[in-house]
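# A look at the structure
Listed below, chain by chain, are the residues.
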Amino acid sequence: MMRSAVYISTLISLLLVGPSMVQGQSSLSKDFGALNYNGGTLFLDVRMGSNLFGSGTGGGAFSGIHSALNRAGYGTTFGNPAMLSHVKNAQIGVETRLSFRNGSAGLGSAQNLPASFERETDQLLTNLSLPDGVEPTYTNASFVAIGQPRQLSAFWMTWPVTDEVAVGFGYRQPLMFSVNGALSGFQTLLSGNKANNSSSIQVDLLAELAVRASTQIQVDELSLGVGGLLQKYWFGSVWWGASAYRFGASANIGLDVLPQGVLTISGTNQFYFNDAGDPNLDLQSGESNAFFWKIKGGYTGNAMGLRLGMSHQTFKKGFGTSLVLDLAPRIEMWDGNASVSFPKFRGIQK
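Residues numbered from 1 in each chain as written. Predicted model: local features only at pLDDT ≥ 70, side-chain atom pairs only at ≥ 80, totals over all residues. Heavy atoms only, no water.

### Examining the environment of Ala-213
The topology assignment puts Ala-213 in strand β8 (residues 199–233). For Ala-213, a relative accessible area of 31% puts it in the partly exposed group. When the C-alpha atoms of Ala-213 and Ile-295 are compared, they prove to be 9.2 Å apart, with 82 residues separating the residues in sequence. With residues near it in sequence (within four places) discarded, Ala-213 still touches Val-179, Asn-180, Gly-181, Gly-254 and Leu-255. (Helix = DSSP H or I, 4+ residues; strand = E, 2+ residues; numbered from the N terminus. Buried < 20%, exposed > 50% of the residue type's maximum accessible area, 1.4 Å probe, protein only. Contact = heavy atoms within 4.5 Å.)

### Notes on the pairing of strand β11 (residues 293–313)
Pairing of strand β9 (residues 236–265) with β11, which is carried by 21 bridges, proceeds in the antiparallel orientation. Each bridged residue has a counterpart across the sheet, and for Ala-244 the counterpart in β11 is Leu-306. Pairing of β11 with strand β13 (residues 339–341) involves three bridges; the strand directions are antiparallel. Of the residues in β13, the one forming a bridge with Lys-296 is Ser-339. As defined by bridge partners, β11 adjoins strand β12 (residues 320–327) across eight bridges and the pair is classed as antiparallel. When the bridges of β12 are listed, His-312 appears paired with Thr-321. Connecting β11 to the antiparallel partner β12 that follows it, the hairpin turn spans six residues, and Lys-317 within it adopts a positive phi of roughly 55°. (Pairing = 2+ DSSP bridges.)

### Examining the environment of Gln-151
Position of Gln-151 relative to the elements: it lies in strand β6 (residues 151–160). Measuring from C-alpha to C-alpha, the distance between Gln-151 and Glu-95 comes to 8.8 Å, with 56 residues separating the pair along the chain. Here the side chain of Gln-151 touches Gln-173 through a polar contact of 3.0 Å, side chain to side chain. (Polar contact = N/O pair within 3.5 Å; in protein donor to acceptor, adjacent residues only side chain to side chain.)

### Here we look at the packing of aromatic side chains
Applying the stated rule across the entire model yields seven aromatic pairs. Centroid distance Tyr-233 to Phe-235: 5.3 Å. Interplanar angle 5°. Geometry classified as stacked. Ring pairing ties together the aromatic residues Tyr-233, Trp-234 and Phe-235, which thus form one cluster. Cation over ring: Arg-307 sits above Tyr-245, and NZ or CZ is 4.0 Å from the ring centre. (Phe/Tyr/Trp six-rings, centres within 6.5 Å; stacked < 30°, edge-to-face > 60°. Lys NZ or Arg CZ within 6 Å of the ring centre and 35° of its normal.)

### Things to note about the nonpolar core
Counting 22 residues, the largest nonpolar core has Leu-183, Leu-205 and Leu-209 as the members making the most contacts within it. For this core, the secondary structure elements donating two or more residues are β1 (33–38), α3 (113–127), β7 (165–196), β8 and β9. The biggest single contributor to this core is β8, with five residues. (Core = buried A, V, L, I, M, F, W, Y, C linked by side-chain atoms within 4.5 Å.)

### So, the pattern of salt bridges
Opposite charge on two side chains lets them pair, provided their charged atoms get close. All told, the structure shown has six salt bridges when counted by the stated rule. Arg-307 is the salt-bridge partner of Glu-221, the closest N and O atoms lying 3.2 Å from each other. You can see Glu-221 sitting in strand β8 and its partner Arg-307 sitting in strand β11, a full 86 residues away along the chain. As far as the burial class goes, Glu-221 and Arg-307 line up, both buried. Taking the shortest distance from any N to any O, the salt bridge between Asp-326 and Arg-307 comes out at 3.4 Å. Of the two residues, Asp-326 sits in strand β12 while Arg-307 sits in strand β11, which places them 19 residues apart along the sequence. Three or more residues joined by partner-sharing salt bridges are found here, namely Arg-172, Glu-221, Arg-307 and Asp-326. (Salt bridge = Lys/Arg side-chain N within 4 Å of Asp/Glu carboxyl O.)

### With respect to unusual backbone geometry
A positive phi angle is found at Asn-274, which is not glycine, with a value near 60°. The topology assignment puts Asn-274 in the loop between β10 (269–272) and β11. By relative accessible area, which is 26% here, Asn-274 ends up partly exposed.

All quantities given are derived from atomic positions and should not be read as evidence of function.
So this is what it looks like as structure tokens:
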């Protein structure tokens with residue numbers, strides 16, 4: 001994760017913004033490289049809460065322990081519904097997670113991050129031929145957090161209707177994942193030569209970059225089930241159960257990239273990005289120097305699923321079996337207002 005943070009501020013910044021803007025104009029010589037470098041300031045917050053294997057530790061929970069002989073707990077609401085019939089008392093409860101990140105309660109820190117920035121930046125600038133004696137300004141991490149979000153991971157209610165039948169209702173959040181990042185203050189001066197027959201033309205690019213990116217993914221489940229005694233046979237008792245559940249998922253994506261720059265050719269002609277007042281523009285022909293990326297989407301979807309369960313115990317409870325058929329739903333997510341926008345950069349034609 002730390003290595004990814006480094007590439008956000010160095011590799012992506014230079015390779016996508018700097019060289020692409022100049023190489024888009026013409027073929028440059030191998031002498032093209034960076035004359036200075038300012039890595040800017042990075043903000044990164046990554047949180048993940050996972051509850052993919054179910055909740056609780058009782059029989060039928062589909063978590064760390066799954067057995068037909070264990071005490072039935074609230075996890076049966078999300079696992080084998082046949083185990084609901086073993087609930088003898090009404091129950092209500094909540095399962096939560098507290099927020100923590102690197103550096104909290106001695107769980108690690110980001111102290112090695114500056115060294116990682118320097119190491120990866122030096123390697124990148126070596127490829128871009130930064131002159132000897134020129135010291136780059138490395139990316140400053142204003143805030144870097146990797147950890148767990150504050151989360152309501154489960155809520156449940158179970159209660160017996162009769163001595164042999166019980167019902168249950170529950171909510172759980174199998175997955176919550178979020179990434180929020182921003183890079184500001186990035187700046188570099190790139191220089192190269194354009195071959196023109198027997199002569200060459202000096203091309204300089206002063207580039208700045210601002211990036212904001214966010215991703216949030218969330219999955220929720222609502223479940224309603226019932227379980228009861230099917231029959232007592234010579235080999236033991238058999239219970240049945242069924243539960244219907246609704247899976248809902250959402251994915252929100254946002255990206256806003258705004259490069260700024262000025263391109264100087266032969267030390268005289270200057271062309272600006274994102275400047276509508278640039279005198280070099282031919283507005284009548286629709287020429288534009290706009291240069292940006294914007295991505296926005298909020299995808300959502302939900303679907304119904306069904307679990308059918310059976311469990312068996314011998315009369316002395318020395319042997320038990322548990323069987324579940326899960327007809328899992330297929331979720332199709334969509335967003336009619338999702339958009340991706342970026343200008344068609346025509347480049348410098350002069």
